[in-house]
Amino acid sequence: MKHDIIAEPGILEVSNLHVAFGRPKDRVSVVNGVDFSLAKGEVLGILGESGSGKSVMLRSLMGLFPRRTHVTGHVRLAGQDLLAMDKKTLRNIRGRDVSMIFQEPMTSFDPVFTVGRQITETIRRHDGVSEQDAQARALELFELVAIPSAKSRLTNYPHEMSGGMRQRVMIALALACRPKVLLADEPTTALDVTVQIQILLLLRELQREMGMSVVFVTHDIGVAAEVADRIGVMYAGRFAELAPTRAAILTPRHPYTRGLLAATIHGQQRGDHIETIPGAPPNLAHLPTGCAFAPRCGRSVAACTEKMPEMTVFGKTHMARCYNPEPSQI
Amino acid sequence: MKKSVTGKIAALLIGTMLSAGTALADGGTLRIAMTSSDVPVTTGMPNNGFEGMRFLGYPVFEPLVDWDLSSADKPADIRPGLAESWEIDPEDTKRWIFHLRPDVEFHDGSAFDADAVVWNLERFFDETSPQFDQAGSAIVRGRNPILDSWEKIDDMTVAITTKYPASYFPYIMSYMLIASPAAFETANSDWNEYGKAPSGTGPFKVTNVTPRVSVELSRNDDYWNPDRIAKLDHIQLFPMPEPTTRLAALRSGQVDWIEVPPPDAIPGLEGAGFNVVTNTYPHVWPWEFDTTEGSPFADVRVRQAANYAVNREGIVALMNGTAAPAKGFFDVDSPLFGSPENDYTYDPEKARALLAEAGYGPDNPVHAKILTSTSGSGQMLPVQMNEYLQQTMAESGFDIDLEMTEWGSLLVALRNPPGTAPTMDADALNISFASSDISYLAKYFHSKNASPVSQNWGAFGTPETDALLDQIETTFDAEKQAELTAELHAKIVDQAPWLFIVHDLNPRAMSEHVKGFVSAQSWFQDLTSVYIEE
Amino acid sequence: MTSYAKDTGSEFPSVSSYRDLKVQESPGYWAMVRKRILRDPVTLISAAILLVIILSAILAPVLAPYDPYVGNIMTRMKPVGFEGHLLGTDETGRDMLSRLLFGGRLSLIAGVVPVSIALLIGGSLGITAGFFGGLVNTVIMRVTDVFYAFPSILLAIAICGMLGTGLFNTLLSLTLVFIPPIVRISESVTTQVRNLDFVEAARASGAGSFALMRYQVLPNVLAPILVYTTSLVSLSIILAAGLSFLGLGVSAPAAEWGLMLNSLRQMIYIDPVLAALPGVLIFATSMCFNLISDGLRSAMDVRLKV
Amino acid sequence: MLSFILRRLLQAIPILFGVSVMVFLMVQMIPGSPLDLLLPPDASPQLIEQMKEAYGFDKPAWQQYLLWLWQLLHGNLGYSIFNGAPVADELFDALGNTFVLAIPAAFTGFGLGILLGVSAALSQGGPLDKLLSAIAITGVSLPHYWFAIVMVVIFSVNLNWLPAQGMQFTGVPTTLAGFKSMILPVITLSLIPMGVVARVVRAAVLEVMSQEFVNTLHAKGLWDRSVLLHVMKNAAPATLAVMGLQFGYLLGGSILVETVFNWPGSGNLLNLAIFRRDIPVMQATIIVLAAFFVLLNLIVDIAQALIDPRIRR
Amino acid sequence: MIGQVPTTGADRMQRILADARDRGGPGQPMLILKDIKRHFPIRKGVMNRTVGHVQAVDGVSLTVMKGEILGVVGESGCGKSTLSRLMMRLVEPDTGEMIFDGDLVDDKVGLTTRRLRRQMQMVFQDSFSSLNPRMPIEETIAFAPMMNGSSRSDAIAAARALLDQVGLSAAMFARRYPHELSGGQRQRVNIARALAVNPRVVILDEAVSALDKSVEAQVLQLLIRLQEEMDLTYVFVSHDLNVVRYISDRIAVMYLGRIVETGSVDEIWDNPRHPYTQALLASIPSLDPDRRTMAAPIYGDPPNPINPPSGCRFRTRCPFAETCCEMHDPAAVTLPGSSAHAVSCHMENEASGHSRVGTNARIAEVTQ
């Protein structure tokens with residue numbers, strides 16, 4: 001699908017991405033046609049509930065799939081299709097041009113190697129420098145992400161660090177080879193609120209300094225609002241809405257986005273009315289025909305249950321997949 | 001140059017390979033696989049029963065009274081050993097005088113004399129002596145319970161006194177071997193040390209002992225009897241308790257000689273060019289009946305019936321001809337067999353008739369439990385043989401229950417009277433015995449030797465047989481003694497205190513390279529005549 | 001997913017009206033396990049073979065053409081296919097087929113009985129230790145450690161060698177051998193389960209220790225313990241046969257595969273096929289138990305999280 | 001780390017104590033007197049009493065135990081009833097012979113097992129996985145003593161390539177004949193460890209590969225071999241644990257294989273001792289093997305802690 | 001009780017007091033915790049000696065009024081989960097006492113644990129692990145009543161009724177197993193399970209934290225409805241300030257095993273006095289792309305509870321920390337004018353010697 005919202009091709013172009021798991025007979029489609037383009041220096045926040053396919057989508061941008069995964073579509077990084085490239089080239093790109101931050105900093109590190117070693121091995125893998133140089137770089141990175149007494153921290157094992165520190169190390173690791181694109185998979189979800197804000201600010205700052213493009217997956221609208229330039233709302237493996245952050249939060253057009261915003265408890269007080277979305281997210285193994293949100297949607301029309309609506313463009317940069325969008329409101 | 005080195009190495013390797021497959025040809029080394037589970041003790045009083053005596057007793061050490069093993073045609077008898085002659089003190093029928101052989105040296109070069117004999121007697125019979133040997137003593141005393149005291153008469157004469165007169169005392173003395181006192185001192189008065197470099201007077205010397213693996217014997221070139229200087233350079237002895245292992249070792253050329261090949265393998269061995277040697281020897285494989293009250297075998301008719309119920313030919317077939325039917329304690333051809341009334345042929349009808357007389361019938365079979373071991377010295381193939389007996393005796397009205405235990409437990413059972421716990425309620429024990437001389441008759445059949453005193457386990461005894469035995473013990477005239485023995489034996493056959501089944505034919509298999517072996521009718525064998533011919 | 005609508009309503013029928021409510025049944029865990037096993041050909045085939053072996057052992061008196069303890073010395077050691085003896089005869093002329101059929105009984109008993117008793121004892125001890133923790137745990141586990149300090153075969157041989165031969169002693173020694181590993185595995189899974197919130201929640205409901213163990217812990221630890229235990233059956237069969245092989249297990253003339261293997265060993269040069277038969281059966285049976293254990297393991301390892 | 005090692009050592013002491021009590025109790029269960037076999041069948045009661053006294057069997061059990069333990073702690077394993085030899089000499093000879101088999105068998109079994117397990121895990125679900133898993137399960141299901149006999153028939157008797165039995169050397173093999181005599185026993189012994197290790201390694205590698213950090217490793221662009229290194233190091237503690245147990249079984253369980261091959265090892269010695277009711281040898285063999293097993297587990301614990309820092313506590 | 005229509009405050013109190021189990025009357029708080037402490041030992045070293053303690057809960061005093069919802073908020077590791085378990089007596093306190101509606105909770109002289117648990121129940125965070133995976137959910141719900149003497153048929157019928165009441169159709173769901181339910185549905189089952197013994201107090205330990213946003217709101221509304229209908233008292237433990245604000249009447253802020261500030265929702269929100277409370281509030285993402293957070297209010301992670309800082313535990317991260325904070329534990333000070341607002345900070349205590357006493361220092365001033 002072509003869209004003319006971003007004129008020049010972005011650093012990362014994703015088109016018609018489908019991901020399904022399992023053997024052909026009991027295949028579960030998790031990502032059902034995702035298209036987007038990420039501009040240089042842009043932060044795209046991807047918002048979705050559990051099971052919306054946001055994490056799988058993010059990982060497929062790096063070609064990280066479990067066994068028996070069926071993938072179609074294109075993921076182009078600076079024009080090269082990651083999904084079509086041979087293993088060796090892909091590995092050269094991973095960790096160097098594209099890198100990733102995971103949700104659980106505890107389980108994302110190999111527990112039996114020191115964090116320093118886990119960073120230097122990446123540096124050496126991609127830059128082929130000596131262990132000594134790699135260590136010096138690791139130390140710089142530690143200082144960059146503001147880890148106190150960085151030098152001694154390099155020899156720590158992951159379990160010897162606090163959650164916030166581990167996530168800082170994770171960021172240092174991701175930035176080790178100055179990637180063009182950073183993929184962040186709920187990097188602050190496991191953190192306390194006082195630590196979360198530190199990490200968000202750190203990411204924001206480093207992103208600006210390094211001019212990186214970031215895809216930031218989260219289920220927390222507040223977090224997305226803090227970091228993203230643009231927000232894509234995913235539902236059942238597709239983008240329901242894709243819009244600049246301000247528009248997405250203030251004038252959502254898709255009923256799901258609006259419902260999500262309304263149901264998010266943020267600043268409401270006892271007695272305030274909260275509008276909730278009825279029901280639960282759909283079972284990916286048995287998706288309804290038509291719009292996957294239709295069964296829970298208060299605005300659904302007859303067409304909704306028949307055919308999946310196409311992305312509709314509202315204004316210049318605002319897109320939603322809906323036959324009966326919310327009225328634009330200020 | 002380089003090439004020749006490689007060549008040498010290759011030759012060396014090939015040489016080693018060959019040596020693994022065949023014997024070291026020069027001079028001749030005989031490699032024997034024994035049935036024992038361990039290397040018998042090498043201190044001059046080997047354990048592991050008569051197999052130990054066979055290979056680590058007589059070839060290395062000698063008794064005062066030795067066995068003549070030179071003939072395959074007649075039962076082996078005693079001959080002068082380290083004693084040139086012996087006689088009874090005319091004044092005391094309990095006192096025996098031994099005249100020692102002069103000019104005999106131990107392997108260590110020390111001289112053999114009366115002091116050495118006394119020293120060895122003290123080794124076994126005097127707990128206070130420094131050379132007292134607990135383990136050896138148990139074995140010697142078990143075989144020689146009647147020795148009472150000794151005295152050195154002069155350097156070449158020793159007198160030994162028994163507890164009661166026993167005409168067969170010289171036979172008993174054949175089981176006590178003489179070891180070098182000097183070597184004991186060299187070994188720091190420690191029998192374990194002694195075992196590593198023992199010293200006897202025999203035609204072979206022990207040159208290497210690897211516990212549980214092997215013993216190497218080498219020819220004693222200075223042996224006192226030039227006629228019996230060994231032809232072999234070396235003998236290597238390997239313990240191999242598993243028959244299959246022995247068979248595999250022989251067939252794959254690891255050894256030249258195995259004891260007791262599995263009978264079923266004999267045709268195959270012969271087909272493959274191995275020699276299987278068998279000969280009769282004084283061995284009997286019986287059931288010892290419990291003749292006490294409460295046992296079905298208390299009734300002589302039942303005992304006789306059992307003897308008629310056994311298909312001895314069948315067992316011989318089962319053993320592939322490595323056994324001979326036994327109709328008594330001695331072989332039928334022995335002059336000591338006598339002329340009993342009963343000739344125990346396979347006669348189920350007669351057996352049934354006898355049982356009917358005793359009050360048993362087809363609906364009322366004789367229930368009896370037999371205790372035996374799964375293996376053991378001289379036990380032949382106890383499991384299969386007993387299972388076969390169980391099968392065939394059923395025809396005649398015996399309902400036999402087999403209890404299998406291991407060798408050790410069976411020996412324990414033998415030592416305990418019927419009805420006690422170790423005997424596991426058995427009505428008969430199946431355990432094989434030596435029948436090489438008349439000393440055994442008293443042990444097995446005199447009521448004074450009923451268990452737990454000695455090996456008359458079933459407490460058999462009749463006034464007649466007891467009286468005959470007493471008479472034999474005090475009869476020193478050989479002819480008279482033989483006459484009485486034959487009379488006694490006939491009575492014993494008729495009384496059937498045992499189920500006489502078979503005599504072992506002592507099969508041993510050897511490769512075609514083994515020459516010069518004369519299979520004596522004995523538990524023991526002379527290895528001096530043997531040689532290896534490639 | 002229509003449950004949401006109820007959230008706003010507040011009128012509910014009275015409790016008593018729920019007594020006869022028609023409720024949709026749901027397949028439980030074991031039903032799922034069954035379903036998964038039925039889709040696993042390897043496990044099904046192993047189970048079928050094992051069933052044949054078990055049935056033929058049970059029905060041995062009916063199936064066996066001859067008395068396994070009576071033979072004819074004239075027709076001894078006949079090869080497989082010998083007239084009248086489908087699988088030949090053994091060294092005293094007994095019918096091999098009959099002996100193998102009967103032999104399955106003792107071998108299966110030797111495989112199943114010690115493991116079952118050990119499961120009962122070891123499972124109870126392990127679950128108790130895991131559930132109560134503290135001193136109870138310390139005492140049970142330290143004693144188990146001592147038993148665990150012996151390699152299993154060594155322990156079995158030592159016990160059997162000391163107690164003497166016979167089926168009972170074999171079963172006893174193998175039982176003792178299998179108790180410690182079962183205690184360990186039970187203790188560890190119980191400790192895991194005990195610390196789960198649902199046990200806490202049930203404890204908070206005022207349930208006593210016994211009820212907690214019976215209703216909350218046991219159903220959740222049974223599957224892993226069972227899986228582990230089935231894998232021990234194979235080991236038990238091999239060990240029992242090994243003991244007989246050494247002459248420390250059941251004794252002749254019993255028809256038992258290990259013992260038959262031992263007594264037929266001498267025939268391996270004469271008729272290797274015949275001599276190999278009991279070994280093949282030991283192997284097949286133990287293989288079946290192992291495969292079934294593996295099948296159970298994967299069938300029971302349901303990642304229940306959605 | 002040092003404190004960890006010390007603590008583990010201290011923990012081993014009560015276990016060893018328990019082991020000694022158990023061994024003693026087991027030996028006490030033996031029916032009949034241990035001297036029965038040694039004494040001649042017609043031994044007099046006096047002789048029996050005298051022997052009992054000489055061997056200390058006339059004392060109450062607890063005194064016998066304490067005496068034995070005291071001797072044990074002084075490194076005195078006692079003297080064989082059967083041949084009066086110091087048990088230690090014979091036992092350490094025998095252990096040496098067992099080690100000569102167990103160590104190569106461990107290398108073979110563990111090496112093959114790891115290779116099989118890793119290869120199977122890497123091709124999980126595929127035909128190679130099925131094949132390798134089948135080999136592994138065969139390894140654990142085969143009665144290895146039977147397998148040994150089959151091997152002897154083939155390689156010794158029919159082909160005459162390898163010796164059927166016996167240890168063709170003392171100490172360590174230096175000749176070709178020596179090596180050849182080891183081949184069949186080593187292969188037989190390595191069968192079970194191969195199977196068990198393969199299965200454990202496969203499971204452990206799969207478990208590790210399912211962990212999130214493996215994604216990180218891939219995301220870093222590491223080569224497969226580097227990822228495998230990480231996976232292996234993580235799977236190592238579980239593998240080590242089972243290898244420790246299996247090595248113990250190789251020592252203790254060699255009895256069957258040693259019987260088939262007539263190998264003068266510790267299993268053979270124990271079998272003999274049982275056969276002869278030679279209590280000092282039995283006790284010593286069992287307790288030394290058990291102590292070795294405890295030590296082995298200790299080493300495994302320490303090795304695990306060295307590999308995985310989380311265990312050091 | 002089932003089927004009653006929610007009513008207003010005064011009526012509610014009337015009904016709470018009408019409960020036959022009420023003993024203390026209107027003035028008696030439902031639950032009083034007095035200086036409760038619970039330390040978990042850490043064993044280490046050669047002799048496995050205790051070398052330290054995790055000071056999970058270190059001297060907490062708290063009052064829960066009848067019919068109110070008390071929110072307990074804090075970061076992970078602050079001891080709030082241990083506090084919940086202490087209240088349920090799933091964990092025994094080392095020291096301190098707990099008074100339930102006027103009765104001392106003590107197995108020997110007062111209210112027994114068993115009787116306490118009939119009046120107080122708990123909902124755990126992990127909806128999955130708090131349900132027995134091998135039991136149909138109706139049996140899980142009926143378990144507690146059955147253990148307390150109900151017949152099986154009564155308990156099952158009541159369980160089904162409860163299922164309907166928490167919004168799960170009994171006819172559809174009663175026989176289902178936990179794995180067949182979604183997270184929100186499971187949490188409803190957990191709530192039904194807690195309500196099955198007809199408790200007066202329910203402790204909700206992070207009860208909605210693991211749920212998706214759209215489901216979280218549903219469950220929160222359900223909780224509020226049930227609280228009103230069944231006249232319950234809640235202790236709502238959570239790390240999510242937004243949620244705590246939404247549901248609670250009063251809030252207690254915990255930091256490293258201690259309560260640092262308590263007060264009504266409005267007091268806490270509008271006038272947070274403890275620097276930690278301020279930091280917490282300032283850390284909430286704004287949800288307004290135009291007013292993004294520009295600086296983190298405090299730096300670093302909470303310290304390890306094994307060796308907490310001396311004196312005021314927050315001092316290591318507090319921009320206002322001075323020597324007195326290191327030397328002394330701050331006592332709880334009730335703010336003048338608002339009887340319910342108490343703060344444990346030296347800056348509120350005239351006698352502390354802190355240089356900023358009475359300045360009403362705001363953390364935002366330092367960080368901006």
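Residues numbered from 1 in each chain as written. Chains lettered and ligands numbered in written order. Predicted model: local features only at pLDDT ≥ 70, side-chain atom pairs only at ≥ 80, totals over all residues. Heavy atoms only, no water.

*Asks:* For this particular structure, what's the right way to read the overall build of chain B?
*Replies:* Helices and strands together make up the secondary structure of chain B, namely 17 helices and 24 strands. Expected size for 534 residues packed as a compact globule is a radius of gyration near 24 Å; at 25 Å, chain B falls within 12% of this value. Each principal axis of the C-alpha distribution contributes one length, and for chain B these read about 90 × 65 × 40 Å. For chain B, the proportion of contacts with a sequence separation of at least 24, taken over those separated by at least 6, is 68%. Total accessible area computed for chain B in this model is approximately 18,900 Å², and 51% of it derives from carbon and sulfur atoms. The centroid of the 37 positive side-chain charges in chain B is displaced by 6 Å from the centroid of its 75 negative side-chain charges. (Helix = DSSP H or I, 4+ residues; strand = E, 2+ residues; numbered from the N terminus. Rg over C-alpha atoms; globule rule 2.2 N^0.38 Å. Contact = heavy atoms within 4.5 Å. Areas by Shrake-Rupley, 256 points an atom, 1.4 Å probe, with all protein chains shown as cover. Lys, Arg positive; Asp, Glu negative; His and termini not counted. Charge placed at Lys NZ, Arg CZ, Asp CG, Glu CD.)

*Asks:* Mind showing me how you'd approach the domain arrangement of chain B here?
*Replies:* Many descriptions give the size of an interface as the accessible area lost when the pieces come together. Residues and elements named next belong to chain B. When its domains are assigned, chain B resolves into domain 1 (1-60 + 202-280 + 507-534), domain 2 (62-191) and domain 3 (283-504). On a C-alpha basis, the centroid separation for the pair domain 2 and domain 3 is 33 Å. Across the interface of domain 2 and domain 3, roughly 980 Å² is buried in total on both sides, 64% from carbon and sulfur atoms. In this assembly, domain 2 and domain 3 are joined by zero salt bridges. The residue makeup of the side of domain 2 that touches domain 3, split by class, is ten nonpolar, three polar and no charged. (Domains from an automatic or database assignment. Buried area = accessible area lost by both parts, 1.4 Å probe. Salt bridge = Lys/Arg side-chain N within 4 Å of Asp/Glu carboxyl O. Nonpolar A, V, L, I, M, F, W, Y, C, P; charged D, E, K, R; others polar.)

*Asks:* I'm lost on the arrangement of the chains in this one. Help?
*Replies:* There are eight pairs of chains in contact here; the most contacts are made by chains A and E. For the non-touching pair chain A and chain B, the nearest C-alpha separation works out to 45 Å. These two, chain B and chain E, are apart from each other, with no contact and a minimum C-alpha gap of 43 Å.

*Asks:* Teacher, can you tell me more about the sheet that holds strand β12 (residues 234-239) of chain B here?
*Replies:* Adjacent strands of a sheet form backbone hydrogen bonds with each other and so pair up, either parallel or antiparallel. All names here are of chain B. With respect to topology, seven strands assemble into an open sheet ordered β10-β11-β12-β1-β13-β22-β14, the strand pairing being mixed. Strand pairing shows two members of the sheet lacking a second neighbour, β10 (204-210) and β14 (275-277), which therefore form its edges. Strand-to-strand twist across the sheet, computed as the mean angle between neighbouring axes with direction ignored, equals 20°. As paired strands, strand β1 (residues 29-34) and strand β13 (residues 257-259) are joined by two bridges and run parallel to one another. For A33, the partnering residue across the bridge sits in β13 and is I258. In the packing of helix α2 (residues 49-57) onto the sheet, contacts are made with β1, β10, β11 (214-219), β12, β13 and β22 (508-510), and the angle to β13 comes to roughly 155°. Contacting β1, β13 and β22, helix α8 (residues 243-251) crosses the sheet at an angle of about 165° to β13. (Pairing = 2+ DSSP bridges. Axes fitted to C-alpha atoms, helices over the stretch in contact; angles between N-to-C directions.)

*Asks:* Mind showing me how you'd approach the interface of chain E and chain A here?
*Replies:* Opposite the 48 residues of chain E that make contact, chain A presents 48 residues. In total, about 3,900 Å² of surface goes out of reach between chain E and chain A, with carbon and sulfur atoms giving 52% of it. Broken down residue by residue, the surface that chain E buries against chain A is led by E:Y246, E:L287 and E:R292, which jointly contribute 19%. For the interface between chain E and chain A, the tally reads one salt bridge. Our enumeration of links across chain E and chain A arrives at 22 residue pairs in polar contact (both at pLDDT 80 or more). Listed by contribution, the elements that provide at least two residues to the side of chain E that touches chain A are α8 (213-229), α9 (241-247) and α11 (275-283) of chain E. By residue class, the composition of the side of chain E that touches chain A is 23 nonpolar, twelve polar and 13 charged. (Polar contact = N/O pair within 3.5 Å; in protein donor to acceptor, adjacent residues only side chain to side chain.)

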